[in-house]
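# Tertiary structure, described
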Amino acid sequence: MSESSAEAVAGVIASAAAASAGAAGGWRRATGIAGAAIGVLAAGAAAGVAVERMTVGRGMRRKARLALDSAGPYGTLRGTPGKAIADDGTELYYEVEEVEPDAGPHVSPRRRRLFGRKAPAPVTVVFSHGYCLNQDSWHFQRAALRGVVRTVHWDQRSHGRSGRGVAQTRDRVPVTIDQLGRDLKAVLDAAVPEGPVVLVGHSMGGMTTMALAAQYPELIRDRVVATAFVGTSSGRLGEVNFGLPIAGVNAVRRILPGVLKALGQQAELVEKGRRATAELFAGIIKRYSFAGREVDPAVERFAERMIESTPIDVVAEFYPAFTDHDKTEALASFQDMPVLVLAGVQDLVTPSEHSEVIADLLPECELVLVPDAGHLVMLEHPEAVTDRLADLLTRAGAVPAGATVSGYGTTGSTSSTAGPR
């Protein structure tokens, strides 16, 4: 992105901030583009992007999106539903995928491809998703592990099928990463009351895992046998530049808190604006979610739908928590277990340098940097991510040694490789 493009985006956001103090008509004019730009911030997008116009007409693009929505299989996997109650009364939705019965010598091809012929041990793999996403963001990994090991997928508060945060809507208490750690503890108590656990977290989900460790180190010590941090950070997120030049970043940071607050207070108008500017919205999501050019358009649309479904007031509620996030000390809880740290080399939201910092603090971990991958690496290069997760489960003793994933869950690009440290 050029500096002039960044300044233009900053100007758009600044205009929205000014409009919030003006007439309703001015607000409506400003919230369309501003809502699209801010609505994907730090959720596979950021505060600005130069979007190239597609050469086909708007009507054709709309028809293509509808076709992808009706035909795309992504996000359709469902398990046994359950509900956990957070400490403030928020209802947290989760789904459980149980292990297939032991078939003896007649092992399914998928199980044999993943882990060999022996049955896996009774471990539960718990997946935590990122900001403005939901449990379906793990679609490919869920499909590959389905029936092979017990898994739990949950929606973080105010995301997906979980309820809006009670403390936020009733008591106006700000969201914190510590609260998300306590939410994960409630899910574990409800869905995995006993037995070994593997924790897998992407972006905000990885931060949630760190917050769990900071508050419940004995749980990590006694029950967690392996952990995976995917595209996440232990702190200093306020220094991320989202691929913008310094001038653009500084301009956005000066006005962003006020803009988010104003947008959150006018959620209905902003949502209308986001729908009206869907094409710009899609371009922003693609820029900050994926790095390669060969991602399946249905996968791109799948990511767009997940992010679109997050209300702007939820976006506004959560954003300040990331600036305050610092769980560097909590990483010590993971030193005595197998750990996977994985990131896309071209991640603009939580740059791979943040994963390298985590790896430096966990010298025995496996660090995997995936070339040509952005923030949603588990959707962009699912085979690389699933393969490393299978290796992690094997190293943790959760499953017998066996072959890793091959040819399972492609998004249209077969050129990705992952390089361990």
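Quick notes on the rules
- Residues numbered from 1 in each chain as written.
- Predicted model: local features only at pLDDT ≥ 70, side-chain atom pairs only at ≥ 80, totals over all residues.
- Heavy atoms only, no water.
- Helix = DSSP H or I, 4+ residues; strand = E, 2+ residues; numbered from the N terminus.
- Buried < 20%, exposed > 50% of the residue type's maximum accessible area, 1.4 Å probe, protein only.
- Contact = heavy atoms within 4.5 Å.
- Areas by Shrake-Rupley, 256 points an atom, 1.4 Å probe, with all protein chains shown as cover.
- pLDDT = per-residue confidence, 0-100.
- Core = buried A, V, L, I, M, F, W, Y, C linked by side-chain atoms within 4.5 Å.
- Pairing = 2+ DSSP bridges.
- Expected span 1.5 Å × (residues − 1).

This part covers the overall build of the chain. Scanning the chain from terminus to terminus reveals 17 helices and nine strands. Counting across all 421 residues of the chain, residues that qualify as buried make up 57%. Restricting to contacts in the chain with at least 6 residues of sequence separation, those with at least 24 account for 82%. When the accessible surface of the chain is split by element, carbon and sulfur atoms take 53% of a total near 17,000 Å².

A separate point is the confidence of the model for the chain. Should pLDDT be low for a region, the predicted coordinates there are not to be read in detail. Here the chain averages 78 in pLDDT, while 64% of its residues score no lower than 70. Across residues 1-56, where pLDDT falls below 50, the model places 119 contacts with residues more than four positions away in sequence or in other chains. Low pLDDT, under 50, characterises residues 402-420; the predicted model gives this stretch 57 contacts beyond four residues in sequence or across chains.

The next subject is the nonpolar core. In globular proteins that are soluble, nonpolar side chains generally tend to be buried together. In terms of nonpolar packing, the biggest core is built from 38 residues, with Val 198, Val 200, Leu 342, Leu 379 and Leu 389 touching the most fellow members. Of the residues forming this core, the biggest block, six residues, is contributed by helix α13 (residues 297-308). Residues in contact with Val 200, not counting those within four places in the same chain, are Val 125, Val 126, Phe 127, Ser 128, Trp 138, Ala 228 and Leu 389.

So, on to the pairing of strand β1 (residues 80-85). Note on strand geometry: in a regular strand, side chains alternate between the two faces of the sheet. As paired strands, β1 and strand β2 (residues 91-97) are joined by six bridges and run antiparallel to one another. Within β2, the position partnered with Pro 81 by the bridge is Glu 95.

Below, the discussion takes up helix α17 (residues 382-395). Helix length check: α17 (14 residues) gives 20 Å between terminal C-alpha atoms against 20 Å at 1.5 Å per residue, within 8%. Of all 14 residues in α17, 10 are buried, a share of seventy percent or more. Taken as a whole, α17 has its buried residues at Pro 382, Ala 384, Val 385, Thr 386, Asp 387, Arg 388, Leu 389, Ala 390, Leu 392 and Leu 393. Backbone geometry just after α17 places Gly 397 at a positive phi near 80°.

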